[in-house]
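Structure assessment
These are the residues of each chain, in order.
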Amino acid sequence: MSEYLGCDQMQIIHDFKIPVKKYSELGQNNNFPHPEECPHCHDKLLKHGFYHRYVITIDGKCFWIQIRRYKCQHCKKTVSILPAFLFPRFQRSLNYIVCCMKEYLLQKKLLLYKRAVYFYLHRFTCNIPGLIAFFRDKYHSLIPFKLSRIKKATKLIKMIWSSDAQILSKEYQDHFNQCFMAL
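The structure reproduced in this document is the subject of the present report. (Residues numbered from 1 in each chain as written. Predicted model: local features only at pLDDT ≥ 70, side-chain atom pairs only at ≥ 80, totals over all residues. Heavy atoms only, no water.)

What follows is about the overall build of the protein. Scanning the protein for helices and strands turns up six helices and five strands. Reading the secondary structure of the protein in the N-to-C direction produces β-β-α-β-β-β-α-α-α-α-α. For 183 residues, the compact-globule estimate of 2.2 N^0.38 gives 16 Å, and the protein sits close to it at 17 Å. Here the C-alpha coordinates of the protein stretch approximately 50 × 35 × 25 Å along the principal axes. Out of the 183 residues belonging to the protein, those deemed buried represent 49%. Here the contacts in the protein between residues at least 6 apart in sequence split such that 58% fall between residues at least 24 apart. For the protein, the computed accessible surface area is about 9,700 Å², with 52% contributed by carbon and sulfur atoms. (Helix = DSSP H or I, 4+ residues; strand = E, 2+ residues; numbered from the N terminus. Rg over C-alpha atoms; globule rule 2.2 N^0.38 Å. Buried < 20%, exposed > 50% of the residue type's maximum accessible area, 1.4 Å probe, protein only. Contact = heavy atoms within 4.5 Å. Areas by Shrake-Rupley, 256 points an atom, 1.4 Å probe, with all protein chains shown as cover.)

And the structure:
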């Protein structure tokens, strides 16, 4: 359900079921879920304000968004509610990143500068074993182990792109307690 990001912070991915622009416009008025308990010690969480960050969408637009934060009254660790259209610690939207990888793997087309695309591909290919296990566990989909790393990555990115990438990303996060772009 959450990803460990350091000694004092966790992020819970939540699908708000609204586009980035609407989420940005609503700001603090978004319908933020209130986690029932601290993922660390299971005590009560209290609202602890917001932090701000930017998100760049697939059409190149930049939005300033607010992320709800909670703090445990017992262990003092914080928990943030991250919208499903984001990867933790990435500025570009999930769909933008997946699209950049897809375009490069399928057509050798760069939607961003080469270094950024290679960075995303490196992160993605490092998580191929986890992605294969995830697709086998959740969807009973078999990906042959004998394929090259790039062919596996291409097959996986097609599978992600053909599904709802945000839902798939949240399911992966819930399954492994990390996003599929984490190192």
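A separate point is the side chain of Asn-127. Note that Asn-127 resides in the loop between α3 (114-126) and α4 (128-139). Look at Asn-127 and you get buried, because its relative accessible area is 8%. Discounting residues that sit within four places of it in the chain, Asn-127 has contacts with Tyr-172, Gln-178, Phe-180, Met-181 and Ala-182.

One non-glycine residue with positive phi stands out, namely Lys-76, at about 70°. Assignment of secondary structure puts Lys-76 in the loop between β4 (62-72) and β5 (78-83). Look at Lys-108: it is not a glycine, yet its phi comes out positive at around 55°.

On inspection of all chains with the given rule, the structure shows four salt bridges. The partner of Asp-59 in a salt bridge is Lys-61, with the nearest N and O atoms 3.9 Å apart. Measuring nitrogen to oxygen at the nearest pair gives 2.6 Å for the salt bridge that ties Lys-102 to Glu-103. This pair shows no difference in class: Lys-102 is buried, exactly as Glu-103 is. (Salt bridge = Lys/Arg side-chain N within 4 Å of Asp/Glu carboxyl O.)

Under the definition given, this model contains 18 aromatic pairs. Ring geometry for Phe-16 and Tyr-23: centres 5.1 Å apart, planes at 70°, overall edge-to-face. Here Phe-16 falls in the buried class, since its relative accessible area comes to 12%. By relative accessible area, which is 1% here, Tyr-23 ends up buried. (Phe/Tyr/Trp six-rings, centres within 6.5 Å; stacked < 30°, edge-to-face > 60°.)

Moving on: the packing of helix α2 (residues 94-107) against α3. It is the contact of α2 with α3, at a shortest axis distance of 10 Å, that shows an interaxial angle of 95°. As the angle between them shows, α2 and α3 are arranged roughly perpendicular. On α3, the residues that touch Ile-97, Cys-100, Met-101, Tyr-104 and Leu-105 of α2 are Val-117, Tyr-118, Tyr-120, Leu-121 and Phe-124. Its residues placed into classes, the contact of α2 with α3 shows ten nonpolar, no polar and no charged. (Axes fitted to C-alpha atoms, helices over the stretch in contact; angles between N-to-C directions. Parallel < 35°, antiparallel > 145°, perpendicular 65-115°, else oblique. Nonpolar A, V, L, I, M, F, W, Y, C, P; charged D, E, K, R; others polar.)

For the structure on display, the rule yields zero disulfides. Residue Cys-41 stays outside any disulfide, its sulfur separated by 3.4 Å from that of Cys-72, the closest cysteine. Cysteine Cys-99 is unpaired, with the sulfur of Cys-100 as its nearest cysteine sulfur at 6.0 Å. Under the relative-accessibility criterion, Cys-99 is labelled buried at 9%. (Disulfide = S-S within 2.5 Å.)

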